[in-house]
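# What the coordinates show
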Amino acid sequence: MRSPTALVADLGLTDSVAVADLSARRSFFQGVHLGVRDTPIGTLLDLLRNEPGLSPPRSGHIGNWENIVRGRSGATDFNQAICTQGYGYPLIFGFTQTETDDGLRGDGVYRPGSIARGDAQQALDLYTWDGRSFIRRDRERALFCPFVLAEYDGSLVPLTALHVERMRGMTPVLPFRLETDLILRHEDATRSMLTVLLEAAAVRPNPRREYADLIGHLAALDGTVQRCEVRRDGRGYLIGTRRYASTAELVDHALLTLRAVSDPDTFAAGIVELPSALPVVSHLLLDVLSAYFGTHYPDLGGLGSPPTKPFNAHLHWGARDMAGYPPMRRGYFVQKSTARSLRTICGTLGAHFPDVDPLCFLLLPASVFMLCPTTAHPRDAELVAALFRTVRRATPAGDTRSPEVITQAARSAVAAWLSTQGPALSPYFMHRFRPRGSVLPAVELPSSSRPVEPQGFRELTFRQAGLAVGALVSMMDEPAAGA
């Protein structure tokens, strides 16, 4: 088993990671986005295949995964390429919202308010608590999935339980895990960490911002979600009109929301005893906790376990929102404000808990697999291999030109390739790069397919792959923008 230091070195990241500072606990957080690095994709994939126990999480949403597993979900086929080939596993995020009928709100990618089978989508009848009973809601507003019941086969069942059961039917092809399960497995540590973070935020110069990094939303039992502001009130806290008498009480209520995902039947059965709304732990803090609890070594890891010594080199596959496709879209995780928040969170926890190892978060952009065509369209692989040769010539590894010049060079190269090879490519491949594709893309779907790594894919660097994806996305967006 490689040490974190060796893992960083094998990925060619030694110049980006202050290994000495992490090892000596002088620094408690560093983030490296492989999407801006000239690490060959094959270097990472070979490491993942050969490193015992290492399996980076692919943090996808709860919802419809059937088309993903079958290789007929368009852009989100990158999940299949990662999770069915031994490059990672689905770590399922439950704090998402049902999609609305107009498609403008909620999760329009994984569509958790519906069941997608084949080419069809069945909109579910959705119910939430009104203070006395579960009543049917319209689909004009997005609803917080952990608090929703759905009518299915003549019964009302928790929406998250319905999707979890359907995903279990895809195992072992889809060896998924619930993020809340892994965090609640370390419930005592989670409780202690959240307590320390809340109390530390109170004495910082900008407690409002730091509270928002921990708890930024309030979910009502009727399914509505709104941003909230946490304020200290003596020994307690105020969130809206709700007062929590102590840090312990606020933490207790925040953990109830996690339990709503992991044990939805018990949550629904006891809902009459709950307050009208509960605080929601932030996505950012869940990412940190998942890293601390060793989700990249799902069968070996845990707080302070050997794979994270002397620091925790956490590999994590992020999708288009989290990791994007740099430089055109870098994703939220590497924004300056996010990095500042992560340094504060990790620094606070590292100073209080000796078992919390400094975190080196290695972000892997799942979007590179958008460049991998499928077995359903054999000709695509040859055509896309030509794209890789073109992009590598236009943006060689170690290119020292400005990002703007490199991006334009990549765009010109992709445009030239597209003008000659585009007409022969399958509509299925090209549709991947349309804005905001979902698990049910609006194009003719294959009955099933497997990903194909064209010649040259493994030699392509993550930076070159991101340039190619970004160029294709921008070009596919142009007709829509001009319509």
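Attention here is on the structure that accompanies the text. (Residues numbered from 1 in each chain as written. Predicted model: local features only at pLDDT ≥ 70, side-chain atom pairs only at ≥ 80, totals over all residues. Heavy atoms only, no water.)

## Quick notes on the sheet that holds strand β6 (residues 126–129)
Strand order across the open sheet formed by 4 strands is β7-β6-β8-β9, with antiparallel pairing between neighbours. What marks the edges here is a single partner per strand, and that holds for β7 (134–137) and β9 (155–158). Shown here is a sheet whose adjacent strand axes are inclined to one another by a mean of 40 degrees, direction ignored. One ladder, built from 4 bridges, connects β6 with β7; its direction is antiparallel. Looking at β7, one finds that leucine 126 is bridged to arginine 137. Contacting β8 (149–152) and β9, helix α6 (residues 159–168) crosses the sheet at an angle of about 85 degrees to β9. (Pairing = 2+ DSSP bridges. Helix = DSSP H or I, 4+ residues; strand = E, 2+ residues; numbered from the N terminus. Axes fitted to C-alpha atoms, helices over the stretch in contact; angles between N-to-C directions. Contact = heavy atoms within 4.5 Å.)

## Here we look at unusual backbone geometry
Here the residue pair lysine 309 and proline 310 is connected by a cis peptide bond, since its omega of 0 degrees sits within 30 degrees of zero. With respect to the helices and strands, the residue proline 310 is situated in the loop between α12 (283–292) and β17 (312–318). The omega torsion across proline 326 and proline 327 is 0 degrees, close enough to zero to call that bond cis. Here proline 327 lies in the loop between β17 and α13 (336–352). We note that arginine 111 has phi near 45 degrees; this positive angle belongs to a residue other than glycine. Structurally, the position occupied by arginine 111 is in the loop between β3 (89–92) and β4 (114–117). A positive phi is found at aspartate 153, a non-glycine position, where the angle reads about 50 degrees. Position of aspartate 153 relative to the elements: it lies in the loop between β8 and β9.

## What to know about the pairing of strand β16 (residues 277–281)
β16 sits mainly inside the fold: 5 of its 5 residues count as buried. One ladder, built from 5 bridges, connects strand β11 (residues 215–220) with β16; its direction is antiparallel. Residue pairing in the sheet places alanine 220 in a bridge with alanine 277 of β16. (Buried < 20%, exposed > 50% of the residue type's maximum accessible area, 1.4 Å probe, protein only.)

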